[in-house]
Amino acid sequence: FECGQFLRENLQQVGLFISTEAADFVFRQTDGQPYLVWLTGYCLTERYNEAVDALDTIDPLFLTEDVRSVWRQDRFQARAVSKLFQPLVAYSERIDPLAPRILRYIATDPAPPSTTRVQNRFGGASQIRRNRISEILIDLDSSTLLRQQNEEWRIAIPLMRNYLRR
């Protein structure tokens, strides 16, 4: 509820509107993550202003398909990834210099992540190195930051996958 109200009020301040279904969709898909809700409203406003500047006809009422369209844009994905994923990468550097590369691999690999796949990719034949990869994965999985930012992590990974595959 608060998410939809926040989004509606911010859009109404500039004379725009969002349907109840679209606001609920934003809340469900982002789990109410404040930055993503704000960014969605910002990008919808940006889209509207660009259409007006180009003298295109655009409805000031945004629907679910408008939200989906904005989320597919490179600039939305780049902003979301940089805000949500980069702090996790920076934190992971403190665990091990290899950890950011592992995070990037997990985020961009289309297959579900597994310890064996990551070990094969980064560990090679060295059992010592494979063991270190396992330790890094355990450290990443159990880190306080990742647990505290679980929602951001869960949302950032799919965004990063979409963005980096382009």
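Below, the structure is looked at part by part.

Structurally, Pro97 is set in the loop between α6 (86-95) and α7 (99-108). Once the C-alpha coordinates of Pro97 and Ile136 are considered, the two residues, 39 residues apart in sequence, prove to be 9.8 Å apart.

Residues of α6 that are buried: Leu88, Val89, Tyr91, Ser92 and Ile95. In a view along the axis of α6, the buried residues occupy a sector of 165°, so they form one face of it.

Turning next to the packing of aromatic side chains. In total, this model carries 4 aromatic pairs according to the counting rule given. The interplanar angle of 35° and the centroid separation of 5.8 Å between the aromatic rings of Tyr35 and Trp38 together place this pair among those described as tilted. Note that Tyr35 and Trp38 are positioned in helix α3 (residues 34-53) at a spacing of 3 residues, about one turn of the helix. Classification of Tyr35 by relative accessible area gives buried; the value is 19%.

This brings us to the side chain of Thr64. Locating Thr64 in the fold gives a position in helix α4 (residues 64-72). Accessibility expressed as a relative area gives 18% for Thr64, which makes it buried. When neighbours within four sequence positions are excluded, Thr64 is seen to be in contact with Glu21, Ala22 and Phe25.

Take the pattern of salt bridges next. A full pass over the atoms with the stated rule returns 7 salt bridges. Ionic contacts of the salt-bridge type, sharing partners, join the residues Glu46, Glu50, Arg75 and Arg79 into one network.

Counting residues in each nonpolar core, the largest one holds 22 residues, and the members touching the most others are Ile18, Val67 and Phe76. Elements that contribute at least two residues to this core include exactly α1 (2-12), α2 (20-30), α3, α4 and α5 (74-84). Element by element, the count of residues in this core is highest for α3, at 7 residues. Aside from chain neighbours lying at most four places away, what touches Val67 is Ile18, Ala22, Phe25, Val26, Thr40 and Leu44.

Conventions and cut-offs
- Residues numbered from 1 in each chain as written.
- Predicted model: local features only at pLDDT ≥ 70, side-chain atom pairs only at ≥ 80, totals over all residues.
- Heavy atoms only, no water.
- Helix = DSSP H or I, 4+ residues; strand = E, 2+ residues; numbered from the N terminus.
- Buried < 20%, exposed > 50% of the residue type's maximum accessible area, 1.4 Å probe, protein only.
- Arc of directions from axis to C-beta.
- Phe/Tyr/Trp six-rings, centres within 6.5 Å; stacked < 30°, edge-to-face > 60°.
- Contact = heavy atoms within 4.5 Å.
- Salt bridge = Lys/Arg side-chain N within 4 Å of Asp/Glu carboxyl O.
- Core = buried A, V, L, I, M, F, W, Y, C linked by side-chain atoms within 4.5 Å.

Function cannot be read off these values alone, since they describe shape.
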